Amino acid sequence: MIRTRSPRALVLTLVAVVGAALLAAPRPAAAATCGDPSNQACAVIDVHVTTDLPGYIGIDVAAFFADNPDGPASSALVSGNLPDGQLVVAPGTFKLVVDGTSWYGGKSFRTAKVITVKPGRTKINLDVPISGTVYQAATNRNGVHVPFVRMVFYDSVDPTEALGRATGGPTGTISASAGPARRALLIDPTGRYKSRWMSPRSSFASYGPTSNPSPSLDLERILPLPTPAPAGRSGGDLRGIISTSDGDYGRPGVFAFPADDDTNWVDWSSLYSIDTDGDEIGDDDHNEFVIRDLSAGRYKLRFGDGTWVGGTSHADATVFTLGETDVRADFTVPPHGDVAGRVRSTRGASFGLGGLLVTAYEPGSAKPLAYAGTDETGRFELSALPEKPIEIRITDAENLFVQKWVGGTSSRTTADPVTPKASQLVDLGDIVVSDGLVALSAPVITGARATGRTLTGQSGEWSRPGSYTRRWYRDGKPITGATGKTYVVRSADRGHRLTFGMTNSKAGYVTAKSLSRSTSTIR
């Protein structure tokens, strides 16, 4: 279906997010009538929230169906001044979460307490350890934002327990409740940057409307960064103004490539309005860009839609030579189109599918044409695409879902190309992705932790059955020959800690690994 262009607001209001979640979450038929607390066939959960954050504002409380982690059945907004809320649901079993990371009676959806509600009112006091929020920008070592990063929050005691997730979006800025998490893993879904563990001190800023952003994450790039400029030629900024006949400047950015390399872009810029001092004052529907602090050298520019400035490809694009002073690059680009859609899981929900990477390719090409990320409702929009066929792939950095080519399966040969329309938005509707190989619970070690005694590795639960292999580890290193369900503790293990791991493999899926907690020190 093709519709006319709508405003491109990237920030969703809480009402919009909750509304989309309610539409997405599968539920009993009776739930459709449960929107009024006076309906005596419905159940009302009265919640009272207490935290260690006096005066907190805007905390969301949600009730999930106990057997479905994909989306909430009901939500309510509470604050430090108004800590009471109501969740109106159909009678059934539920799990409650505060601000997406603090689960009632547990550390995650898996371990949260199940509550059973009947018609009438159920009162629950939620005392949750909301100790701060993440408010950070992921950047590379040149200080340029890295888009679509994902941060996964983990418990400090049990490293297998993922407590929650947050996504950076097009600018790489992450803002989310930290909950009880004490460690965080930052992942770049494009694979250009190495994953990085963050400590509590570097990961979490103080909570509240006056909080300053915590330090940038400064990702380490896998691909080599540009070589330093020669002495006396420090380089500068590459900036400019674009114009387009359709007046639409909702492009995903301008990328600077070395003049002799069409694969590895160096840095990029969103589109802004620039004030008289050269500072960026916004990034929504503006037509100026600035790529700051480039090393001296020769560059070519490309938009996220694949348009090369001054040519049809990298080979014939205009070369911009940057020396000791800034360089301007003003140019005109042709009209373009956008493609949008909503990702849903095989269980029917979209809420909770934030942070999936959506990549557009020209048919037959391995080079990405444009990127987008899904928001928390599974919605995405690929902007500023040329009016020619593209193939679209949806991937998940944690392999929680199987990669999907739009119109087909996990294989690119099944992809059905989509053709954007100039000055219009092509809406693909719902796109269903399959669950991947995911450890729903970690393995557990039982038995006495002493030399000569036998330990048993008990399997955890998996989202899908597959072919399993097992391995025992000493201080994180594989023990030669220890690949069975049981392990006899050896003298060499004294003074060390043991771990049991399982690997699950299945054709068509990314192999997954799950580790138990480490034992106490072997005596």
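Treat the numbers as computed from the prediction; the structure is a model and nothing was measured.

Participant: Would you take a moment to explain the nonpolar core for this structure?
Facilitator: Side chains of a nonpolar character, in soluble globular proteins, are inclined to be buried together. In this structure, Leu382, Ile390, Ile392 and Ile394 are the most contacted members of the largest nonpolar core, which totals 21 residues. Looking at this core, the elements with two or more residues in it are strand S24 (337–345), strand S25 (357–361), strand S26 (368–373), strand S27 (379–385), strand S28 (391–395) and strand S30 (424–433). Sequence-distant contacts of Ile394, defined by excluding residues within four places in its chain, comprise Val343, Leu356, Leu357, Val358, Val402, Gln403, Lys404, Val406, Ile431 and Val433.

Participant: Where do I start with the pattern of salt bridges in this structure?
Facilitator: If charged atoms from side chains of opposite charge come close, those side chains can pair. Going through the model one piece at a time under the given rule, you end up with 12 salt bridges. One salt bridge in this structure joins Arg379 and Asp427, with 3.0 Å as the shortest N-O distance. With Arg379 in strand S27 and Asp427 in strand S30, this residue pair connects regions lying 48 residues apart in the sequence. Residue class for Asp427 comes out buried when judged on its relative accessible area of 14%. With a shortest N-O distance of 2.7 Å, Arg412 and Glu391 are connected by a salt bridge. You can see Arg412 sitting in the loop between strand S29 (404–405) and S30 and its partner Glu391 sitting in strand S28, a full 21 residues away along the chain. Here Arg412 falls in the partly exposed class, since its relative accessible area comes to 26%. You can call Glu391 buried: its relative accessible area is 10%.

Participant: How do you make sense of the environment of Ala507 when you look at a structure like this?
Facilitator: Within the secondary structure, Ala507 sits in the loop between strand S36 (498–505) and strand S37 (512–515). A C-alpha to C-alpha distance of 8.5 Å links Ala507 and Gly466, two positions 41 residues apart in sequence.

Participant: Looking at this model, I keep getting lost on the packing of aromatic side chains. Mind explaining?
Facilitator: Two numbers describe a pair of aromatic rings. These are the distance of the centres and the angle of the planes. Inspection of the entire model under this criterion finds six aromatic pairs. Ring centres of Trp462 and Tyr468 lie 6.2 Å apart, and the angle between their planes is 40°; on these two criteria the pair is classed as tilted. For Tyr468, a relative accessible area of 32% corresponds to the partly exposed category. Their ring planes at 50° and their centres at 4.8 Å tell us that Trp472 and Phe500 sit as a pair that is tilted. Here Phe500 lies in strand S36 and Trp472 lies in strand S33 (residues 467–474), a separation of 28 residues in the sequence. By relative accessible area, which is 1% here, Trp472 ends up buried. An aromatic cluster of at least three residues, connected via ring pairs, comprises Trp472, Tyr487 and Phe500. Directly above the aromatic system of Phe255 lies the positively charged group of Arg302, at a separation of 6.0 Å from the ring centroid. The ring of Tyr361 has Arg412 sitting right over it, with the charged end atom 5.0 Å from the ring centre.

Rules used in this analysis
- Residues numbered from 1 in each chain as written.
- Predicted model: local features only at pLDDT ≥ 70, side-chain atom pairs only at ≥ 80, totals over all residues.
- Heavy atoms only, no water.
- Core = buried A, V, L, I, M, F, W, Y, C linked by side-chain atoms within 4.5 Å.
- Buried < 20%, exposed > 50% of the residue type's maximum accessible area, 1.4 Å probe, protein only.
- Helix = DSSP H or I, 4+ residues; strand = E, 2+ residues; numbered from the N terminus.
- Contact = heavy atoms within 4.5 Å.
- Salt bridge = Lys/Arg side-chain N within 4 Å of Asp/Glu carboxyl O.
- Phe/Tyr/Trp six-rings, centres within 6.5 Å; stacked < 30°, edge-to-face > 60°.
- Lys NZ or Arg CZ within 6 Å of the ring centre and 35° of its normal.

Just geometry here; none of it tells us what the structure is for.
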